[in-house]
Number of protein chains: 4
Amino acid sequence: MVVVIQCKDQVGLVAAISAVLAGHGLNIVSIRENVDAERGLFFARLVVEGDATPLLSEELRLVLPGGATIHVNPEPLKKVAVLVTKEYHCLGDILLRNHFGTLSATVQCVIGNHAFLGDICHRFSIPFRMVSHEGKEKAAFEAALLSVLEDYDFDYIVLAKFMRILSPAFVERYPHRVINIHHSFLPAFVGASPYRQAFERGVKLIGATAHFVTNDLDEGPIIAQQIIPVNHTFTPIDMVRAGKEIETSVLARALQLVFEDRVFISGNKTIVFE
Amino acid sequence: MVVVIQCKDQVGLVAAISAVLAGHGLNIVSIRENVDAERGLFFARLVVEGDATPLLSEELRLVLPGGATIHVNPEPLKKVAVLVTKEYHCLGDILLRNHFGTLSATVQCVIGNHAFLGDICHRFSIPFRMVSHEGKEKAAFEAALLSVLEDYDFDYIVLAKFMRILSPAFVERYPHRVINIHHSFLPAFVGASPYRQAFERGVKLIGATAHFVTNDLDEGPIIAQQIIPVNHTFTPIDMVRAGKEIETSVLARALQLVFEDRVFISGNKTIVFE
Amino acid sequence: MVVVIQCKDQVGLVAAISAVLAGHGLNIVSIRENVDAERGLFFARLVVEGDATPLLSEELRLVLPGGATIHVNPEPLKKVAVLVTKEYHCLGDILLRNHFGTLSATVQCVIGNHAFLGDICHRFSIPFRMVSHEGKEKAAFEAALLSVLEDYDFDYIVLAKFMRILSPAFVERYPHRVINIHHSFLPAFVGASPYRQAFERGVKLIGATAHFVTNDLDEGPIIAQQIIPVNHTFTPIDMVRAGKEIETSVLARALQLVFEDRVFISGNKTIVFE
Amino acid sequence: MVVVIQCKDQVGLVAAISAVLAGHGLNIVSIRENVDAERGLFFARLVVEGDATPLLSEELRLVLPGGATIHVNPEPLKKVAVLVTKEYHCLGDILLRNHFGTLSATVQCVIGNHAFLGDICHRFSIPFRMVSHEGKEKAAFEAALLSVLEDYDFDYIVLAKFMRILSPAFVERYPHRVINIHHSFLPAFVGASPYRQAFERGVKLIGATAHFVTNDLDEGPIIAQQIIPVNHTFTPIDMVRAGKEIETSVLARALQLVFEDRVFISGNKTIVFE
């Protein structure tokens, strides 16, 4: 059983938490704990042997500072809505894992602003809803998205190569619940055609970053990053292809971490108990 | 300040430990804990804010099962003896880090069964002692080694490409205190000239493994492993060169982990709190 | 356009080949060439600008040693038969890429010795044929396999976690045309339950190897290898899961290399022009 | 023996080059060739069996377009000057490899704008010259640098964590002969204290890039890049330490590639025949 706790830091928290668990006869198999000293925040993930009693959560609350977030035995299968445009690589991987029960989540629906990926969703018997952005202002487009999203129950929204930028008003509705994936370069390339620029500069690596979407100045807390090597024989198209491989892999890893309750957010960064 | 604890597992250990720390007004910045359920062993590494009092270790002992290993504020600079033969790559890296104070250890002496690496030790003002194996039975060679080792005070023996196999009797004197590095292949190659075999088979990776030396049937608990890509353009000599690069890197990483008290041994495996 | 050539080595081959290409007004965009000096074999892959004329292949043959293998503008979409058992991870990835046209091949059929993966094939509109091994001697099982295979036209057989060992007689029918994927460990673990053994030994890496299947003493020429890091928090089940991730990734990479005519076989090793 | 050629592209170059080599009875062991189609440039690196005759270079020139760069059997030991400030990690690695003859180059001198690294140079019997920047305008500082550099004969200047920005006038004197190493981040961090920013953002990777220094708008052609994983337990100081590990490794790799004549520059990118 997993117990995750987030609260203000103070002396004696681990002692207090573990005393409550011991009082319930629960043995701590592993504990990961981290204090963000700058923000005075405490984060812990415990794997314990034994079953939760209904009182455990309340007893933990009594010994923790006010405002603590406590999840005892969180739902192992998170519910997700997936937003896509036309690229299949991340969605296909998610649908496969979902289909075979290895996603640590269940896909409730896929929403696309193009029709193209509807077919693959149907093949996996997953509801696909199209919400076109064409001819709509951003506000109207997002209102249409929200209207469709309201038909489903979900814990997270996964942007699986969704190529529209979401407004602050939209993002605020789902704090720490929207996950995005994008390519990354060393050095960073500003402006259009980053792969073209990467080709021109002869980069030797292409990266991908999975992150929570926030309204902070930059891209939000990073969950996972990884790179794939490229070389001078790669055309811009080859680089795009390599980028898709690493995007698929990094998003899969990030989703696994989030869905297994291994990721906490502190300010603009994550604490990941891998 | 770091506190490391190893003992028999039982319910309530984290509660007991953290209560003692809280009683001393020490705040736990991070805690890494792991239970080897099969062996019933508990391992923890805590980073705490505040200074140790002389009583802390004894108070911890009172709340832990008999036979616990407790290190409060372990010495941040371990003492090491390094054994070498002729290859410079691992020794050179160790001497550089030692010289500039980034090894988390201090090299007390280097012992070589050849004279070749004496010069580089002298350049770094590190004692070099030659103990030739030539014309000696293994028992006599090891007796000579031990005689030289006795001149120094050390926590660990690092085999930095020491090309003699140590006898069980020798290894038993230094339980969990001898660290070795060697190349590794996928698949494994038995017998002579593994690099030649790796070349013949066209392997695409060459690995290195740093491990504690034990008298178990195989190589002892693994501390760190990593690989380096190779390809068909590599001659056997190029593969040896690649192997040296990855050996240097993996040994450096393993030593850092061990010297920072991040590595525990449970049975024939390690628990590494990276 | 791609031109691939394999023949006995002799002085002047590149000159002869490139003279023929120049005579056809073809510009060499890139050339990868390798000589296996021990076997006296020459391998080349050229990317050229311009279109092949029917005579090009014959003119090349005139200037090359007898017995040369010459492919001018090889078919960019190879045909493949996929053999599976119950694990979905490699097959699912292949079916996705096949469906979206990024496999550099077309899947002609999937043959399983269990029924389980039939459903996913049907969802992708790919023929699935079940050939059970139960109650059959190996010879009878393979005869049944061959009988089904004869219904399809294919260049390669991909063993995508096919858990039956194929006999030398079967393998000989498809020289250099059967590709397999399996996990690999450092050190190698012989016998049953390798993941259990890897767990017991606390390995820090799990690898995967894609290779051609031959009747040589060991596993046949290696096409691609890669590793994924693991640590002491991984249960044996987690290690299996990590192994599947890296198997999927390595097989995908190997298939891309083979299907793009980048892989040559020399003795028991490959030459890969990445 | 190695032959490297760079010239304008035209049809038949490989034919022409290989015919000349065949005429000298030289067998091509491996050939790497690449055309930068956008710039119309041809690059080739050939490994041949046999010895060069004095005429080979001239005969090659006769069959190549005007202005070709031809190196037959280039000097295997390049001469280098190393510029440093206070950080030892890259310099130490270079000095070790230089000392043991594995650098593919010989270090002629080390010039520091601080005195700190003089000691390690002296330990390796390498001339160290201090040129302080203090109290000097950039022009005067660079004039002093040039004055010292003129005392030595060198093919390349390696900036091994040299923390002064060189002026365009300085860089122009050594076109494609100045090599730099620096850390890189995903995302990129502009302004002061990039490691502090990386820590605040919780990056999961720290990269390093080795490149030629040019006066182009950005950093010049990239030779090699690689990354090292980090996580939330890394303090900013730990991140700096990880950055130094990867800088050392990437610079070593880049120098090996350049010194072995495997790197060509085309526009603002490199072609690297690994």
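Residues numbered from 1 in each chain as written. Chains lettered and ligands numbered in written order. Predicted model: local features only at pLDDT ≥ 70, side-chain atom pairs only at ≥ 80, totals over all residues. Heavy atoms only, no water.

1. Some points on the relation of the copies chain B and chain D
Item 1. For the match of chain B to chain D, the screw axis carries a shift of 0.0 Å, the RMSD comes to 0.0 Å, and the turn is 180°. In short, the pair behaves as if placed about a two-fold rotation axis. Rotation axis and chain B: the residue whose C-alpha lies nearest the axis is R123 of chain B, separated from it by 2.6 Å.
Item 2. Both copies present the same face, since 100% of the interface residues in chain B are matched by interface residues at the equivalent positions in chain D. (Least-squares fit on C-alpha atoms with pLDDT ≥ 70 in both. Contact = heavy atoms within 4.5 Å.)

2. So, the UniProt feature "domain: ACT" (unreviewed entry) in chain A
Item 1. The feature "domain: ACT" (unreviewed entry), as annotated in UniProt, sits at residues 2-79 of chain A in this numbering.
Item 2. Secondary structure within residues 2-79 of chain A divides into 24% helix and 41% strand; the distance between the first and last C-alpha atoms comes to 18 Å. (UniProt positions renumbered as here; feature names shortened; annotations may be inferred. Helix = DSSP H or I, 4+ residues; strand = E, 2+ residues; numbered from the N terminus.)

3. Some details on the environment of I31 of chain D
Item 1. Counting through the fold element by element, I31 of chain D comes out in strand β2 (residues 27-36).
Item 2. The class for I31 of chain D is buried, based on a relative accessible area of 3%.
Item 3. Through-space distance from the C-alpha of I31 of chain D to that of V3 of chain D is 9.4 Å; in sequence the pair is 28 residues apart.
Item 4. If we ignore the near neighbours within four places in the chain, the residues touching I31 of chain D are V14, I31, R32 and E33 of chain C together with V14, R45 and L46 of chain D. (Buried < 20%, exposed > 50% of the residue type's maximum accessible area, 1.4 Å probe, protein only.)

4. Observations concerning the sheet that holds strand β10 (residues 205-212) of chain D
Residue and element names in this part refer to chain D.
Item 1. Overall, mixed pairing links the seven strands, which are arranged β7-β6-β5-β8-β9-β10-β11 in an open sheet. Each edge of the open sheet carries a strand with a single partner, namely β7 (128-130) and β11 (222-229). Neighbour-to-neighbour, the strand axes of the sheet open up by a mean angle of 20°, direction not taken into account.
Item 2. Sheet topology places strand β5 (residues 78-84) next to strand β8 (residues 156-159); four bridges connect them, and they run parallel. Of the residues in β8, the one forming a bridge with V82 is V158.
Item 3. Sitting on the sheet, helix α3 (residues 89-99) is in contact with β5, β6 (105-112), β8 and β9 (178-184), with an inclination near 145° to β6.
Item 4. Against the sheet, helix α8 (residues 236-259) makes contact with β5, β6, β8, β9, β10 and β11, and its axis sits at roughly 150° relative to β11, the strand it touches most. (Pairing = 2+ DSSP bridges. Axes fitted to C-alpha atoms, helices over the stretch in contact; angles between N-to-C directions.)

5. Let's talk about the interface of chain B and chain D
Item 1. Listed per partner, the contact involves 21 residues of chain B and 21 residues of chain D.
Item 2. Carbon and sulfur atoms supply 52% of the area that chain B and chain D bury against each other, a total of about 2000 Å² over both sides.
Item 3. On the chain B side of the contact with chain D, Y88, F100 and R123 of chain B bury the most area, a combined 34% of that side's loss.
Item 4. Its salt-bridge partner being R97 of chain B, residue E245 of chain D comes within 2.5 Å of it at the nearest N-O pair.
Item 5. Between chain B and chain D we count 11 residue pairs in polar contact (both at pLDDT 80 or more) in total.
Item 6. Within the residue set of the side of chain B that touches chain D, elements represented by two or more residues are α3 (89-99), α4 (118-123) and α8 (236-259) of chain B.
Item 7. Top contributing element to the side of chain B that touches chain D by residue count: α3 of chain B, with five residues.
Item 8. When its residues are assigned to classes, the side of chain B that touches chain D shows seven nonpolar, six polar and eight charged. (Buried area = accessible area lost by both parts, 1.4 Å probe. Salt bridge = Lys/Arg side-chain N within 4 Å of Asp/Glu carboxyl O. Polar contact = N/O pair within 3.5 Å; in protein donor to acceptor, adjacent residues only side chain to side chain. Nonpolar A, V, L, I, M, F, W, Y, C, P; charged D, E, K, R; others polar.)

6. Comments concerning the confidence of the model for chain A
Item 1. On average, residues of chain A carry a pLDDT of 93, and 99% of them reach 70 or more.
Item 2. Scoring the predicted complex yields pTM 0.94 and, for the interface, ipTM 0.93. (pLDDT = per-residue confidence, 0-100.)

7. Details of the pairing of strand β10 (residues 205-212) of chain B
If a strand is regular, its side chains alternate between the two faces of the sheet.
Residues and elements named next belong to chain B.
Item 1. Among the eight residues in β10, eight count as buried, and that is most of the element.
Item 2. Of the two faces of β10, the one carrying L205, G207, T209 and H211 and the one carrying I206, A208, A210 and F212 are both buried.
Item 3. Looking at chain direction, β10 and strand β11 (residues 222-229) are connected through seven bridges and run antiparallel. The residue bridging G207 from the neighbouring strand is I227, located in β11.

8. Structural notes on the sheet that holds strand β4 (residues 69-72) of chain B
What links the strands of a sheet is backbone hydrogen bonding, and the strands pair in either a parallel or an antiparallel sense.
Item 1. Reading across the sheet, the eight strands line up as β4(A)-β1(A)-β3(A)-β2(A)-β2(B)-β3(B)-β1(B)-β4(B) and stay open at both edges, with antiparallel pairing between neighbours. Each edge of the open sheet carries a strand with a single partner, namely β4 (69-72) of chain A together with β4 of chain B. Neighbour-to-neighbour, the strand axes of the sheet open up by a mean angle of 15°, direction not taken into account.
Item 2. Bridging between strand β2 (residues 27-36) of chain A and strand β2 (residues 27-36) of chain B involves five bridges; their strand directions are antiparallel. Counted as the bridge partner of I31 of chain A is E33 of chain B from β2 of chain B.
Item 3. Across the sheet, helix α2 (residues 56-63) of chain A is in contact with β1 (2-8) and β4 of chain A; its angle to β4 of chain A comes to roughly 155°.
Item 4. Here helix α1 (residues 13-23) of chain B sits on the sheet in contact with β2 of chain A together with β1 (2-8), β2 and β3 (41-49) of chain B, set at roughly 25° to β3 of chain B.

9. Considering the pattern of salt bridges
Item 1. By the definition in use, this model includes 60 salt bridges over all chains.
Item 2. Across the salt bridge formed by R123 of chain B and D119 of chain B, the nearest N and O atoms sit 3.0 Å from each other. Taken together, the residues R123 of chain B and D119 of chain B, both in helix α4 and four residues apart, mark about one turn of the helix.
Item 3. Judged by relative accessible area, R123 of chain B falls into the partly exposed class, the value being 22%.
Item 4. Among the residues examined, D119 of chain B registers a relative accessible area of 36% and is labelled partly exposed.
Item 5. What emerges from the salt-bridge pattern is a single network uniting D238 and R241 of chain A together with E260 and R262 of chain C.

10. As for the domain arrangement of chain A
All names here are of chain A.
Item 1. The domain architecture assigned to chain A consists of domain 1 (2-72) and domain 2 (78-272).
Item 2. For domain 1 and domain 2, the distance between their C-alpha centres works out to 32 Å.
Item 3. With 11 residues of domain 1 at the interface, the matching set in domain 2 holds 11 residues.
Item 4. The largest contributions to the domain 1 side of the interface with domain 2 come from R39, F43 and R45, which together make up 56% of the buried area.
Item 5. On the surface where domain 1 and domain 2 come into contact, there are three residue pairs in polar contact (both at pLDDT 80 or more). (Domains from an automatic or database assignment.)

11. Here's the deal with the relation of the copies chain A and chain D
A rotation about some axis, followed by a shift along it, carries one copy of the chain onto the other.
Item 1. Between chain A and chain D, which share one sequence, the superposing operator has a rotation angle of 180° and an axial displacement of 0.0 Å; the RMSD is 0.0 Å.
Item 2. Of the interface residues in chain A, 100% have counterparts in chain D that sit at the interface too, so the contact is made through matching surfaces.

12. Concerning the pairing of strand β6 (residues 105-112) of chain C
All names here are of chain C.
Item 1. Counting buried residues in β6 gives six out of eight residues, a clear majority hidden from the surface.
Item 2. Where strand β5 (residues 78-84) and β6 come together, seven bridges link them in parallel fashion. Bridging from a neighbouring strand, K78 pairs with A105 of β6.
Item 3. As a crossover connection, the stretch from β5 through helix α3 (residues 89-99) into β6 is right-handed.
Item 4. Where β6 and strand β7 (residues 128-130) come together, three bridges link them in parallel fashion. (Right-handed = clockwise from strand over helix to strand, strands pointing away.)

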